[in-house]
Amino acid sequence: MADDKGPSPMEVLRQARSQLAELTGMDAESVSSFERTEDGWALEVEVMELARVPDTMSLMASYQVELDADGQLTGYRRVRRYERGRADAHRPGGR
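Conventions adopted
- Residues numbered from 1 in each chain as written.
- Predicted model: local features only at pLDDT ≥ 70, side-chain atom pairs only at ≥ 80, totals over all residues.
- Heavy atoms only, no water.
- Phe/Tyr/Trp six-rings, centres within 6.5 Å; stacked < 30°, edge-to-face > 60°.
- Buried < 20%, exposed > 50% of the residue type's maximum accessible area, 1.4 Å probe, protein only.
- Helix = DSSP H or I, 4+ residues; strand = E, 2+ residues; numbered from the N terminus.
- Core = buried A, V, L, I, M, F, W, Y, C linked by side-chain atoms within 4.5 Å.
- Contact = heavy atoms within 4.5 Å.
- Salt bridge = Lys/Arg side-chain N within 4 Å of Asp/Glu carboxyl O.

## Some details on the packing of aromatic side chains
Here's step 1: Tallying each qualifying case throughout the model produces two aromatic pairs.
Here's step 2: For the pair Phe-34 and Trp-41, a centre-to-centre distance of 5.1 Å together with 15° between the ring planes defines the contact as stacked.
Here's step 3: Look at Trp-41 and you get buried, because its relative accessible area is 4%.
Here's step 4: Taking the centre distance of 6.0 Å and the plane angle of 50° together, the rings of Tyr-63 and Tyr-76 count as tilted. Within this pair, whereas Tyr-63 is found in strand E3 (residues 59-68), its partner Tyr-76 is found in strand E4 (residues 73-83), the two being separated by 13 residues in sequence.
Here's step 5: By relative accessible area, Tyr-63 is classed as buried at 7%.
Here's step 6: Take Tyr-76: its relative accessible area is 36%, and that puts it in the partly exposed class.

## Some remarks on the nonpolar core
Here's step 1: Counting residues in each nonpolar core, the largest one holds 15 residues, and the members touching the most others are Leu-20, Leu-43, Val-45, Val-47, Tyr-63, Val-65 and Leu-67.
Here's step 2: For this core, the secondary-structure elements that each account for two or more residues are helix H1 (9-24), strand E2 (40-50) and E3.
Here's step 3: Those residues within four positions of Leu-43 in sequence are excluded, and the remaining contacts are Leu-13, Ala-16, Val-31, Ser-33, Phe-34, Tyr-63, Gln-64, Val-65 and Leu-67.

## Examining the pattern of salt bridges
Here's step 1: In the structure shown here, the tally under the stated rule is six salt bridges.
Here's step 2: Note that Glu-49 is salt-bridged to Arg-78, the shortest N-O span being 3.2 Å. Of this pair, Glu-49 sits in strand E2 while Arg-78 sits in strand E4, placing them 29 residues apart in sequence.
Here's step 3: Where Arg-86 meets Glu-83, a salt bridge forms, and the shortest distance between an N and an O atom there is 3.0 Å.
Here's step 4: With a relative accessible area of 59%, Arg-86 lands in the exposed category.
Here's step 5: Judged by its relative accessible area of 18%, Glu-83 falls in the buried class.

Shape is all these values report; function is a separate question.
In structure tokens:
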């Protein structure tokens, strides 16, 4: 095979969102971080876990998603839950 470089970053994003939705039943609203790793790709994906009225009270979650070099999901875990209208609190050691 002449072109063995793997999927493009946009293809990886699409695959990650699709595979996470299939596994969790929740659609990804956004990708808040994305990076190539030694083993493939690591993303943080934001999903709505529970819709509420008003929308600013909807329950959101951040999922850490890991994919191999071919863009296949190898693992995910929820790392944070928050209300859509809430800003991040200051984290120790951060700016």
